Structures are given as C-alpha cells and as structure tokens.
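# Structural overview for review
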Amino acid sequence: MSNRFDRRSFMRISGTGVLAAGLAGPLTACGGSESSSSGSNELVWWDYLVEEARQPGMKALIADIEKQVGVKITRRTFPFAELEPAIIKGAASGDLPDIAIVDNTSMNSFVPQGLLTDLTDRVKKWGQSKAYYEGPWNSGVIDGKTYSVPNNSNCLCLYYNTEMLEAAGVEPPKTWDELAEAAKKLTKGDTFGFAMSAIKTEEGVFQFEPFLWSTGGDLDTFGTDGAKALGFLKELVDAGSLSKQSVGWTQQDANTQFVSGRAAMQINGPWQLPALQDQTKVKWGVVPIPVDKEPASCLGGENWVILKTSSKADQCWEAIVRSQEKTVLAKYLDGLGLLPARSDMADAGKWATDPTLKVFVQEFANARPRSYGPNYPQMSQAMAEALQASLTGSSSPQAAARKAASAITPKLQK
C-alpha cells in the first residue's frame, strides 16, 4: 500500500489525517464544564489547544464569535491524547460538548459511532467548500456526507539552535547521516543534539512516520522499512544524541527541551512558533526534515465538528461560519502558529511573507496524510509500541518492526 504522491496529489489529499499536531498540557476549564448547555445562547466548546502562547488567539476568537453570533461560550480544554477518549466516553455518560475542534484523524472514530451532526445541507447552502484544499476538506467527508469543516493545516520540520550549530561548526542537516553526525557533535553536557516526541500516543507516531516514509516505505513494508527507521532512531539514543526520556515526551515537551537549551535540534510543527517568537533565550531556524531516500513530513490539522447530541446545531454552525471569514481566520491562524486549509488564503496571512512559515508551506509538498482508513488507530498503536520497545531497548528494532507489521498488515485496506 503506497502513500507516495507529488505536489498535485498533495492538493488533492493534504490534511486527510492530522496532525497534528498533538499537544499536551493540564486539564483546564474556562467557565463551567457542563455539556449540551441548557442556556438558550450558551455553547459548550472542547479542544486541546492548550499551550499558553496560544491562549490570547483562542480568547480573541471566542470573544469575536460571542459578539457576532450572540452566544456565550463555555470552553473546556484537554491534553491532546485525552480529547478523543473523552468524547467517546461522553457518548455513554451524556457529557458531551456542543462544538469541538478535533484532530482530523478522529473522524475515523467519531463518524462510524454516530457522534457527529451531518453538515451536508448546511455546507451546500453555505457554498464555500470549493475554497478549501481537497485533502483537508475531504477528511470530514464520509460516505458522501460532510461532518466537519477544516480548522487549519500543518506539518513537521526541523528546528535548530543557530548559535549552537555555529559554535560546533555544523550546518543544518539535510540527510540522515548528516543528522546523526550533527546530533553527535552537538551533544555536550546536559544538552542533547536532537529531540523529538516518541510518546506512546499518536503524537509520537506523528513524529515517527516521516522517518518511515523517508526510507521509501510505508505501512505495508513496515517489517523492513519500519525496522530501518526504528534502527536509525535507536542509533541516536545509543550515541547519546537523543534522550531516552523522549519516550515520555509530548511535542510540547520536546519544544520545552529546545527552548531551555537542552536540545540543539528538534522535530516540531508551526504551532510552536508563538512560544518561540515570544522568547529571547534561543536563536533558531527551520529547515525540512533530513532525508534518507525520499523527503517526507507528516501532514496534520484540526477540524470543527458539531456533536449530534447538541440542541444548538444552528448556533454552532453560525460560530463555525464566523470563524472561517477570511479576516477572522487569518488573525486566528497567525496568532496560533497555524496554516490555512483554505486555498484562497495562500497570500492572505503572515505565512505569505514570513521566512519560517514559508519553510513549512514549502514542506507541504512532501507532507503525507495518515489516510489509512478506519483501522488506523490500531495501526498507530502498533507503531507506538514498536517505537517504545526500540528506543527503550526492550526489543530490537527488527523484532519490534516484525511484531508491529503482524498487527498492521491485517488492518490495511485491500
């Protein structure tokens, strides 16, 4: 099963799995946490966009929607890995929001369980679906019906500490060999040369998959190509260049290591830009992820959804439509370090002129979706277990890859 594609293919299928961008943080609440609110103008909203640097942008969007739509929003936030389980659990307990921003891979779980409102008729009347790249839009289209509207798109690149690289006489790496060599030279004292999230969730898998795809392989060749990708990362751990603690790091944790000077390079996404731009301790740059055989990044993003249990679907839809007005959306995306899923906004925001964001936009050409169908959660879990086993040394990369392949292969769609 191949997931290889060119730039034209990206325009067709970009964003069919996210992202993304996985983010961690403490469970927080803004206002009460009751779902499907009884107040006639109150909407309960759930998301996992928890980083401190993002909160001004989120609050500004909420304030705008409240004013323009005439609603009161009660927001509850979760760590990335907890939002999808909370919604699934809430379906049984009756504790569900009216509206949510979810990882677009969650559509594979939510739609078959009948958790989401069918937006097809509203979207048709709205008439804006053609303004989006097909991939992000189609991530919410299941069996011909539309269940979501894209919130954003993103992908992964390599951040590097410019001063550390200059001091070590190291250029930003372009290949795996250069990455390994640079990471070794940059590892000094309590500073590791390289950081990434390898946690046992979709966050870790999201960061691992570019290494798998860069071998020229995919999930159908995981037994061999997965072993190669796992082996490369294990070599970084064995060399002391990648911390063993990465098996417990979220993407936010990896960025914290980078900002604190404990990592000279890191894999991460554009959602980290607000925090990086707000600090002065570290000078940094961004380049594409180093390559083995083929350039690769992982495509992410979030979708707006309305829960089927909500009695406020019309008001939720008005909130989504307001969020997608170009001036509102451009300000929101700029404030959160996100990129647009709307093709008609390519020149409308900071990403059109900002050199760093341009790197991410250019990397979209190599960014691949996790479009593996409804069995992807089980396949992701198998990859996460293989990554953990390899980096902790509880299994060899070869054995871990074979075990994962035995779980993945039966789940691949024929």
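In case you missed it, the structure is sitting above this.
To keep things clear, this report deals only with the structure shown in the data block. (Residues numbered from 1 in each chain as written. Predicted model: local features only at pLDDT ≥ 70, side-chain atom pairs only at ≥ 80, totals over all residues. Heavy atoms only, no water.)

## Some points on unusual backbone geometry
Heads up, the rule is: Only DSSP runs of H or I with at least four residues qualify as helices, and only runs of E with at least two residues qualify as strands; both kinds are numbered from the N terminus onward.
The phi dihedral of Asp 143 falls on the positive side, at around 50°, and the residue is not glycine. As for its position among the elements, Asp 143 is in the loop between β5 (141–142) and β6 (145–146).

## What to know about the packing of helix α10 (residues 222–238) against helix α16 (residues 376–392)
Condition: Axis definition: a line fit to C-alpha positions, over the contact stretch in the case of helices; interaxial angles, taken between N-to-C directions, run 0 to 180 degrees. Any angle from 65 to 115 degrees is called roughly perpendicular, while one under 35 is roughly parallel, one over 145 is roughly antiparallel, and all others are oblique. Left-handed is the label given to a crossing in which the near helix is rotated counterclockwise from the far helix by less than a right angle, and right-handed is the label when the rotation is clockwise. Any two residues whose heavy atoms approach within 4.5 Å at even a single point are treated as in contact. Note that Gly is not counted as nonpolar here; it falls among the polar residues with everything else outside the nonpolar set of Ala, Val, Leu, Ile, Met, Phe, Trp, Tyr, Cys and Pro and the charged set of Asp, Glu, Lys and Arg.
For the pair α10 and α16, the least separation of the axes is 9 Å and the interaxial angle reads 40°. The angle between α10 and α16 falls in the class oblique. Regarding α10 and α16, the two cross each other, and that crossing is right-handed. On the side of α10, the interface is formed by Phe 222, Leu 230, Leu 233, Lys 234 and Val 237, while α16 contributes Met 383, Ala 386, Leu 387, Ser 390 and Leu 391. Within the contact of α10 with α16, the residues separate by chemical class into 8 nonpolar, 1 polar and 1 charged.

## What about the nonpolar core?
Definition in use: Residues belong to a common nonpolar core when they are buried Ala, Val, Leu, Ile, Met, Phe, Trp, Tyr or Cys residues joined through side-chain atoms within 4.5 Å. Summary of the burial criterion: residues with accessible area below 20% of their type's maximum are buried, those above 50% are exposed, and those between are partly exposed, where the area comes from a 1.4 Å probe applied to protein chains only.
Trp 45, Ile 87, Phe 194, Phe 222, Met 265 and Tyr 332 are the most contacted members of the largest nonpolar core, which totals 125 residues. At 9 residues, α16 tops the list of elements feeding residues into this core. Residues within four places of Phe 194 in sequence aside, it is in contact with Leu 158, Leu 179, Ala 183, Phe 211, Leu 236, Ser 241, Leu 242, Ser 243, Met 265, Gln 266 and Ile 267.

## Concerning the pattern of salt bridges
To keep it simple, the criterion reads: Should a side-chain nitrogen of Lys or Arg be within 4 Å of a carboxyl oxygen of Asp or Glu, the pair is scored as a salt bridge.
One pass over the full model with this rule turns up 15 salt bridges. Note that Arg 322 and Asp 64 form a salt bridge whose closest N and O atoms lie 2.6 Å from each other. Remark: Asp 64 occurs in helix α2 (residues 55–70) and Arg 322 occurs in helix α13 (residues 313–323); sequence separation between them is 258 residues. In this pair, the class of Arg 322 matches that of Asp 64, namely buried. The residue Asp 238 makes a salt bridge to Lys 234 at a minimum N-O spacing of 2.6 Å.

## What about the sheet that holds strand β10 (residues 284–287)?
Note the threshold: Should DSSP find at least two bridges between two strands, the strands are regarded as paired.
Within the open sheet, the 3 strands sit side by side as β9-β8-β10. Their pairing is antiparallel. The open sheet is flanked by β9 (265–268) and β10, the only strands paired with a single partner. The average undirected angle you get between the axes of adjacent strands in this sheet is 25°. In this structure, strand β8 (residues 157–161) lies alongside β10, joined through 4 bridges in antiparallel fashion. When the bridges of β10 are listed, Tyr 159 appears paired with Val 286.

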